[in-house]
Amino acid sequence: MSRVVAVPPSPLRAFWLKWRFHINVLLLLIPLGFMPKYFADAALFRGDTGLGERVAGQVQVGPWSLTLAEFRNEGPSPDPAGPMKFFNAALCDNCAEQVKATYLRIGKPRSLRAAGVIFFGTPYRMGAALPVPERTPADAELWVTMEGWDGTMHQGSIPLSQASPATIAWLNKQGVKP
Amino acid sequence: MNMMHPARVAAALLCAGFSSPALAHNPMCECKEIPGEQIQCKGGFSDGSGAPGVTLDVIGYDETILVPGKLGEDSTLTFKKPSAEFYVLFDAGPGHVVEIDQADIQPQ
């Protein structure tokens, strides 16, 4: 005969012992809250929702053109190399074969060497991370430089306020730096 | 064996929290004036790597190359401040450039 006397568990422990399995099922529900953002991001990265969160419009670059879009409809994101704004672009249907490289820069480039950041990716969906200097004026222009396989170079521009109102809002919030 | 050890759970959460979806390496360059009418520029990339041997040219506003240079082993280049108006171009390849105007070079 065992003489061990069972000590009744504390109320808290009794609650835990009784409900622990149900409480753990609730844990499985937590990821559901993150699902809408997860699927929205997945669609954005895959291109199912278009070029980017906000399509800025067409930019005419000599005989060619491209569709420019903000990857995310928000201001530049911090980076060790300075604030970066991500743009996506698609070349026009008949110029995809002719254009070798596409560059993006705030302000008119001084030369082809300093044409800005290069777009990566396929002609139908290219991406570039554009450094946005904190002293960028609100009336700045975004310049697109295209280099063709035939050696020609063409340039076109779009006002930054049209390309990315969120960046202008970000610049205004920062205040004009001296 | 206890897979749900609190330390393991904490480690897994930390890994999930600090993982970055993409690590780009954008070119970076900084120039400053140093004693003796000289300018020192230091190049690198945003992933923390240096840029020894990368081209750094000092170019006049009229697009003439005043000082053709390459960064040394310590990723820096020191040159005499040109008398004409100029800008510094850190050139790590097409689309991987940093331009620094003379107005953006901090005086000593």
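Everything below is about the structure shown above.
Every chain's residues receive numbers from 1 upward, in the order its sequence appears when written. To read the labels, note that chains go from A and ligands from 1, taken in the order they are written. The predicted nature of this model means local features are confined to residues of pLDDT at least 70 and side-chain atom pairs, given and counted, to a pLDDT of 80 or more, with totals for whole chains, interfaces and linings taken over all residues.

## Regarding the overall build of chain A
Under the scheme used here, helices are H or I runs from DSSP no shorter than 4 residues and strands are E runs no shorter than 2 residues, and both carry numbers assigned from the N terminus. Looking only at helices and strands, one finds three helices and nine strands in chain A. In chain A, the succession of helices and strands from N to C terminus is α-β-β-β-β-β-β-β-β-β-α-α. Both definitions apply: the radius of gyration is a C-alpha atom measure, and the globule rule equals 2.2 Å times residues to the power 0.38. Over its C-alpha atoms chain A spans a radius of gyration of 26 Å, topping by over 25% the 16 Å that the globule rule assigns to 178 residues. Considering only C-alpha atoms, chain A reaches an extent of 100 × 45 × 25 Å along its principal axes. Across the 178 residues in chain A, those meeting the buried criterion constitute 27%. Any pair of residues counts as being in contact when their C-beta atoms, constructed from backbone geometry, are within 7 Å of one another. Within chain A, contacts between residues separated by at least 24 positions form 56% of all contacts whose residues are at least 6 apart in sequence. Neighbour counting defines burial: a residue surrounded by 20 or more other C-beta atoms within 10 Å of its own C-beta is buried, one with 12 or fewer is exposed, and intermediate counts give partly exposed, using backbone-placed C-beta atoms.

## Here's the deal with the sheet that holds strand β5 (residues 117-118) of chain A
All names here are of chain A. Here we have four strands laid out as an open sheet, ordered β5-β4-β8-β9, and antiparallel in their pairing. Each edge of the open sheet is held by one strand with a lone partner, namely β5 and β9 (153-159). Of the strand pairs in this sheet, strand β4 (residues 99-106) and β5 are connected by two bridges, and their pairing is antiparallel. Paired with Tyr103 across the bridge in β5 is Ile118. Strands are treated as partners if at least two bridges between them are detected by DSSP.

## Focus: the interface of chain A and chain B
Interface size is commonly expressed as the accessible area that is lost once the parts come together. Counting from both sides, the interface comprises 13 residues of chain A and, opposite them, twelve residues of chain B. Of all elements in the fold, only β4 and β5 of chain A reach the threshold of two or more residues within the side of chain A that touches chain B. Lys, Arg, Asp and Glu make up the charged group, whereas Ala, Val, Leu, Ile, Met, Phe, Trp, Tyr, Cys and Pro make up the nonpolar group; the residues left over, Gly among them, are polar. Of the residues in the side of chain A that touches chain B, the class split is nine nonpolar, one polar and three charged.

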